[in-house]
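# Structural characterization, general
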Amino acid sequence: MASYHRVGFLRGEMATVKTEPKGSSTAIEDRNEKTYEGLTQQQLIDAYRTMYLSRKLDDREILLKRQQKIFFQISGAGHEAIGVAAALALKPAYDWFYPYYRDRALCLTLGATPLEMLLQAVGAADDPSSGGRQMPSHWGYNRLNVVTQSSPTGTQILQAVGCAEAGLYYARHPEAARRATGDYREFKDVKFQQDEVTYVSLGDGTTSEGEFWEALNSASNRKLPVVFVVQDNEYAISVPVEVQTAGGNISRLVANYPNFHFEEVDGTDPVSSHAAMTRAVAHARARRGPAFVHAHVIRPYSHSLSDDERLYRPDEERQRDAARDPITRLRSFLGREGILDDKGISRMEKEVEQQVQEATDRALEAAPPAKNSFANFVYSPNLDPTSSAFDTQPAIAPPQVPTDGEPKKAPPPKTMADLINSCLKDEMRRDERIVIFGEDVADCSREQYLQQKLIKGKGGVFKLTSGLQCEFGSDRVFNSPLAEANIVGRAVGMATRGLKPVVEIQFFDYIWPAMMQLRDELPLIRWRSNNGFSAPAVIRVAIGGYLTGGAIYHSQCGESIFTHIPGLRVVFPSNALDAAGLLRTAIRGDDPVLFLEHKRLYRETFGRAPYPGPDFMIPFGKAKVVNPGHHVTVITYGAVVPRAMQAAQKLQREHGLSVELVDLRTLNPYDWETISTSVKKTNRVIVAYEDSLSWGYGAEIAARVADELFEHLDAPVRRVAAKDTFVGYHPQLENAILPQAEDLLRAMKELAQY
Ligand SMILES: Cc1ncc(C[n+]2csc(CCOP(=O)(O)OP(=O)(O)O)c2C)c(N)n1
Ligand SMILES: [Mg+2]
C-alpha cells in the first residue's frame, strides 16, 4: 500500500498561513491578505467553484448516460484538487498540456468550458476536441495548448517529451519557427515560449507501461522541462497499486533519475498540491530539469460507468477514500477558515448547477456530425502529396564542354544510399525544422572525438545519415536510446509542435515496440482531433531480405500491416532516383509517412542514378511502368522490381512475350489508374511482393482487380510472394522462401498462356 509523508494541508496540521503586513487596505483586501502557501482566499474560493463544477459535470454526464443521451462516461471525481492546483501553477496557452482523462478540473481551470466538455459527451459536430469522434474526457483544446488525447494509457508521455524538446529547439533556433511557403510549414504555425513547460499526467497503473520509463529516461538525460504528474488513486480499474508497482510506491522507484525535482503530495488537498506543483514547475521553468509530482488521490466513482468497484473493494476501504473527498474537505475548510460561509457556498453551488444545466441544454440541442464527415482529415486537407506540386524534373547538370575541348563525363550514377543521404542533407539545409534521430544515426555522440578528428564517424548502421551530424550539429542530428517507441513517440510530440522529425527505425524487424505510437497515435492525431492538431513526421525504416544471411530478424517485410492504417502514407521505392524524389515529397508533405528503404537496394547496381538536384520530387500515388508490354501485367514494388524485370526480359528473350511491369513506388496511396489501364490492356495480372503470401499487400490489389476489372480478365489473378513463414538463415532456405525471378517467370508464362 502506498505511503507518503507530506501532511495534507486541509487537515490543519500544516497551517503555515502567511499574513502580509497591513497597509491602508479595505476590509476585502484584508481578507485577501491571508494566503495559504501562496494561494489567496479568492483563489481558494475559485478553486472550490471549479472543483465543484468538475464534479457536477461528471454527475450530469452520469445522468445523461443513464438516460442514454450520451454513450460513455469516465469521471475526474477525486482528482479535482491536483487538477486545479496543477493548472494554477502553469500558464494556459503558454505552457503545453498532455493531460489524461481524469483531468477535467485541470482543463476547466485552464479555460475549457462546460459546454465544450458536454459537446464531446453528446458527440456533437461542434465538439472542439474531436468533432464527435472521441469519447468524453478525451481533451484537446488547440487554443489552450491542450494537445489531443487518445485512449491508450501512456502514449501521451513520450509525446510530451517530444513536445518539450521542440520548445527547447525553437528557443535555440528561433528562425526555424518562421512561416515558410511551399511545404508543410505553410500550414503549421509555430508557437513557443523561451521558458515554457510541458505538463503530462497519468494514473498509477500507467506507470507500468514501458513508455513511461522511456519518457523519464529521456527527460532526465536531456534535462527537459516536463512536469510528470502521477495521479495515484491506488487502482487501475480493479488492479491495486501494489500489483502494478514494485513495493507499491512509484516515488521510491523513480527517486534516482538525475536532474529531476520530486514531490509526493496529498493530491486531494489543493493547498499542498499547489505548493508542490509550484515548486515542480519552477524547477522546470528554470531549466534545471524535469519534475515528478506523485499525487495521492481517490476514485469515488469506480473506474468508469462500465465498472462497479464494489466487486473488488470492500465498503470499509471505499469509506476511507470517501473521508478524503477533496470537495467536501475544501468546503469545510473554507467555512472553518472563515473564507466562505455556508450561505456563500450554497449560493456558489447553485450558480454552478445552473451553469451545468444551461450547458447541458445547449449540448443536447447540438447537431451531430454529418454522416459523411468521417472522411474529413484522415489526411491533410491542405497539401495533397499526389498533386502536380510534387512533380518536378531531375536537375542533372548537362555534360559541360570545358575550354580544353575534352567534354566532361556525365555525373556518375549513385546508389540509393547515396541519394537518400544527399536528399536528407539538402532538405536539412533548406528547412531548419528538420531534426534527425534514431539508433546510431549520429556520426558520433561523443562530439569531442569528432572535434579532435580522432574518428571518422558512423552515421547509421547503413551509413544513410553519415555526415549529417558533422554538418548540422548535435542539436539536429543525434542518437536516441535503444527504444523504438521512444523514437516514434518523441517524433509525434515534435511534429505536433511543427518540427519535421525524420527519424530512423534501424530494422523493420524491430519496429514493433513503436507499434502503439505508429498505429494509435502518429496517423490519428489529425483525424481524432478533427484537424485540431497534426503530426506529419517521417519514419524511415530499413526493410527487407535477399541479404544472404539476413535470417529471421533482419529480413522482414510486413508493409501491409501499415498500409492497413488509415492516415499513414506508406512509400517503398525500388531505385535510387525514386528514393530521392519520394523522400523529398515525404519531408515536404503534411502527412505522416512510413518510408520503407530496402536494405538490399541500398547499394545495388540496379537502379543507380546521378544526383537529381535539391528540388527533385515525385508525387505519391504515381506508379511507374518500368517495362511496357502486352501479354501480362505484373504489379510490384521494392526489391521484387529488379527480379521481375529479370524474369520479364527472359520471357521476352525466350518466348517473345512482353510483360508490362508496374512499380507502384507508393503503397498508400497507390496508383489504381495505372493498374487498371494496364490490366485492361493485357487482361492478365500478377501481383508480386516480397512479404509472405497470405494476407499480404497483394491481396488487396488482387481483390480490387477481381472486383472492378472482372470483365477485363482472361486469366485468374495470380500472387507471387514469399512462403508463409519467416526468412531462414541458410542461403538455400532464404532462396526457397523469398520469391525469386524463376518464380515470377513461371507465373508469367502460365498466365500468358491462358
Ligand atoms: C494501453 C492500454 N491498456 C489498457 C487500457 C484499458 N484501460 C483504460 S484505463 C485503465 C486503467 C488505468 O489505470 P491508471 O493508470 O491507474 O489510471 P486511473 O484510471 O486509475 O486514473 C485501463 C487498463 C488502455 N486504455 N490502454
Ligand atoms: Mg489509478
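Definitions and cut-offs
- All residue numbers refer to position in the chain's written sequence, counted from 1.
- Labels follow written order: the first chain is A, the first ligand is 1, and so on.
- Only residues with pLDDT of at least 70 are given local features in this predicted model, and only at 80 or more are side-chain atom pairs given and counted; all residues enter the totals for whole chains, interfaces and linings.
- Note that the side-chain values use all heavy atoms of the structure and ignore hydrogens as well as water.
- Pairs of strands are assigned from DSSP output, requiring at least two bridges between the strands.
- Helix and strand assignments follow DSSP, with helices taken as H or I runs no shorter than four residues and strands as E runs no shorter than two, numbered in order from the N terminus.
- In this description, a line fitted to the C-alpha atoms serves as the axis of each element, helices being fitted only across the stretch in contact, and the angle between N-to-C directions of two axes falls anywhere from 0 to 180 degrees.
- Contact criterion: two residues are considered in contact whenever any of their non-hydrogen atoms come within 4.5 Å of each other.
- Disulfides are defined as cysteine sulfur pairs within 2.5 Å.
- We call a residue near a given molecule or strand whenever any one of its heavy atoms falls within 4 Å of it.
- By the criterion applied in these results, polar contacts are pairs of N or O atoms within 3.5 Å in which, for protein atoms, one can donate a hydrogen and the other can accept it, and in which residues neighboring in sequence qualify only through two side-chain atoms.
- For this classification, the nonpolar set comprises Ala, Val, Leu, Ile, Met, Phe, Trp, Tyr, Cys and Pro, the charged set comprises Asp, Glu, Lys and Arg, and every other residue, Gly included, is treated as polar.
- Only rings of Phe, Tyr and Trp enter the pairing, Trp through its six-membered ring, and a pair is recorded when the two centres are within 6.5 Å. The plane angle decides the type: under 30 degrees is stacked, over 60 is edge-to-face, the rest tilted.
- When accessible area is computed with a 1.4 Å probe and restricted to protein chains, residues below 20% of their type maximum are described as buried, those above 50% as exposed, and intermediate ones as partly exposed.
- Two limits define a charge over a ring: the Lys NZ or Arg CZ must be within 6 Å of the ring centre, and within 35 degrees of the ring normal.
- Cavity: a set of points on a 1 Å grid over the protein atoms alone where a 1.4 Å probe fits but cannot get out. Pocket: an open set with protein on both sides within 12 Å along at least five of seven lines, its lining residues, like those of a cavity, having an atom within 4 Å of a point.
- Grid points are joined across faces, edges and corners, and a volume is the space filled by probe spheres set on the points.
- To count toward a patch, a residue needs a relative accessible area over 30% and no salt bridge; like charges are then connected within 9 Å, while nonpolar side chains (Val, Leu, Ile, Met, Phe, Trp, Tyr) are connected within 5 Å.
- Every accessible area reported is derived by Shrake-Rupley at a probe size of 1.4 Å, with residue values counting cover from the shown protein chains alone.
- Only one rule defines a salt bridge in this text: a Lys or Arg side-chain nitrogen within 4 Å of an Asp or Glu carboxyl oxygen.
- In this tally, Asp and Glu contribute negative charge and Lys and Arg positive charge; neither His nor the terminal groups of the chain are included.
- Lysine's charge is taken at NZ, arginine's at CZ, aspartate's at CG and glutamate's at CD.
- The labels follow the angle: roughly parallel below 35 degrees, roughly antiparallel above 145, roughly perpendicular from 65 to 115, and oblique for the rest.
- What makes a crossing left-handed is the near helix being turned counterclockwise from the far one by less than a right angle; a clockwise turn instead makes it right-handed.
- Excluding water, the donors of a metal are its N, O and S neighbours within 2.8 Å, or within 3.2 Å for Na, K and Ca, and that exclusion means sites may look incomplete.
- When the strands point away from the viewer and the path from the first strand over the helix to the second turns clockwise, the crossover is right-handed.
- Every helix has an expected span of 1.5 Å times one less than the residues it contains.

Our focus in this paragraph is the sheet that holds strand β10 (residues 434–438). Spatially, seven strands are ordered β11-β10-β12-β13-β15-β14-β19 in an open sheet, and the strand pairing comes out mixed. The open sheet has two free edges, formed respectively by β11 (477–479) and β19 (666–668), since each of these has just one partner strand. Pairwise comparison of adjacent strand axes, ignoring direction, gives a mean angle of 20° for this sheet. Bridge analysis of strand β13 (residues 538–543) against strand β15 (residues 593–598) gives six bridges, and the strand direction is parallel.

Taken in spatial order, the five strands make up an open sheet running β3-β4-β5-β9-β8, and their pairing is parallel. Both edges of this open sheet fall to β3 (96–98) and β8 (261–266), since each of them pairs with a single strand only. On average, each strand axis in the sheet is tilted by 15° relative to the strand beside it, whichever way the strands run. With six bridges joining them, strand β4 (residues 198–203) and strand β5 (residues 226–232) adopt parallel strand pairing.

Turning our eyes to something else, we now look at the environment of Ala284. Looking at the secondary structure, you find Ala284 in helix α10 (residues 270–285). With sequence-adjacent residues up to four places away left out, Ala284 is seen in contact with Val197, Pro225, Val227 and Gly289.

One pass over the structure, following the stated rule, counts zero disulfides. Considering cysteine sulfurs only, Cys163 is the nearest to Cys107, which forms no disulfide, with 15 Å between them. Residue Cys423 stays outside any disulfide, its sulfur separated by 19 Å from that of Cys470, the closest cysteine.

Let us now look at the site of ligand 1. Around ligand 1, a shell composed of 18 residues is seen, among which Tyr100, Tyr101, Gly205, Thr206 and Tyr235 lie nearest. One of the side-chain nitrogen or oxygen atoms of Asp204 is found 3.0 Å away from an oxygen atom of ligand 1. Partitioning the shell around ligand 1 into residue classes produces seven nonpolar, eight polar and three charged.

Next up on the list: the packing of aromatic side chains. A full pass over the atoms with the stated rule returns 23 aromatic pairs. On the basis of an interplanar angle of 20° and a centroid distance of 5.9 Å, the ring pair of Tyr48 and Tyr52 is categorised as stacked. Of this pair, Tyr48 and Tyr52 both sit in helix α2 (residues 41–66), four residues apart, which is roughly one turn of the helix. Across the pair, Tyr52 and Tyr48 agree in class, each one buried. Relative to Phe292, the ring of Phe262 lies with its centre 6.1 Å away and its plane at 55°, an arrangement referred to as tilted. A residue pair is termed long-range when its members are at least 10 positions apart, and Phe262 in strand β8 and Phe292 in strand β9 (residues 291–296) qualify at 30 residues. Classification of Phe292 as buried rests on a relative accessible area of 1%. Taken together, the ring pairs in this structure connect Phe212, Trp213, Phe228, Tyr257, Phe260, Phe262 and Phe292 into an aromatic cluster. The cationic tip of Arg55 hangs over the ring face of Tyr301; the distance from NZ or CZ to the ring centre is 5.7 Å. Its guanidinium or amino end placed over the ring of Trp672, Arg704 lies 4.2 Å from that ring's centre, counting from NZ or CZ.

Another aspect to go through is the layout of surface pockets. Roughly 460 Å³ of volume is contained in the largest pocket. What lines the largest pocket is a set of 25 residues, among which Glu165, Arg222, Phe478, Asn479 and Arg490 lie closest to the centre. For the lining of the largest pocket, the secondary structure elements donating two or more residues are α6 (155–172), α7 (210–221), β11 and α17 (484–496). A total of four residues in the lining of the largest pocket trace back to one element, the largest contributor, which is α6.

Let us look at a positive patch on the surface. Among the surface-exposed residues, Lys456, Lys458, Lys463 and Arg603 lie close enough to one another that they form a single positively charged patch. Along the chain, the position of Lys458 falls in the loop between α15 (447–451) and α16 (468–472).

Contact geometry of α2 with helix α5 (residues 114–122) gives a least axis separation of 11 Å together with a crossing angle of 25°. Judged by the angle between their axes, α2 and α5 are roughly parallel. The chirality of how α2 crosses α5 is right-handed. Mapping the contact onto sequence places Leu53, Leu57, Glu61 and Leu64 in α2 and Pro114, Met117, Leu118 and Ala121 in α5.

Before going further, it helps to examine the coordination of the magnesium ion (ligand 2). Of the protein atoms, only Asp204 (OD), Asn233 (OD1) and Tyr235 (O) coordinate the magnesium ion (ligand 2), at distances of 2.0 to 2.1 Å. In primary-sequence terms, the residues that donate to the magnesium ion (ligand 2) follow D-x28-N-x1-Y. Tyr235 gets classed as buried once you look at its relative accessible area, which sits at 9%.

We now examine the pairing of strand β18 (residues 659–663). Burial analysis of β18 places five of its five residues in the buried class, which makes it a mostly covered element. Of the two faces of β18, both are covered, the one formed by Val659, Leu661 and Asp663 as well as the one formed by Glu660 and Val662. As paired elements, strand β16 (residues 624–627) and β18 share three bridges and run antiparallel to each other. For Lys624, the partnering residue across the bridge sits in β18 and is Asp663. Taken together, the five bridges between strand β17 (residues 632–636) and β18 define a ladder with parallel strand orientation. Note on β18: the bridge partner recorded for Ile635 is Val662. Regarding the hand of the β-α-β motif, the stretch spanning β17, helix α22 (residues 640–655) and β18 is right-handed.

The next point concerns helix α21 (residues 576–588). Because an α-helix packs 3.6 residues into every turn, residues spaced three or four apart end up facing the same way. Along its 13 residues, α21 runs 19 Å from first to last C-alpha, staying within 8% of the 18 Å computed at 1.5 Å per residue. Counting buried residues along α21, 12 of its 13 residues qualify, which places the element largely inside the surrounding structure. Taken residue by residue, α21 has Ala576, Asp578, Ala579, Ala580, Gly581, Leu582, Leu583, Arg584, Thr585, Ala586, Ile587 and Arg588 as its buried positions. Measuring from the backbone nitrogen of Leu577 back to the side-chain oxygen at the start of α21 gives 3.2 Å, which picks out Asn575 as the cap.

A few words on the side chain of Asp426. Along the polypeptide, Asp426 turns up in helix α14 (residues 416–430). Of the residues examined, Asp426 reaches a relative accessible area of 11% and is grouped as buried.

Before going further, it helps to examine the environment of Asp714. Here Asp714 lies in the loop between α24 (697–708) and β21 (718–722). For Asp714, a relative accessible area of 44% corresponds to the partly exposed category. Residues Asp714 and Ala639 lie 75 residues apart in sequence; the distance between their C-alpha atoms is 28 Å.

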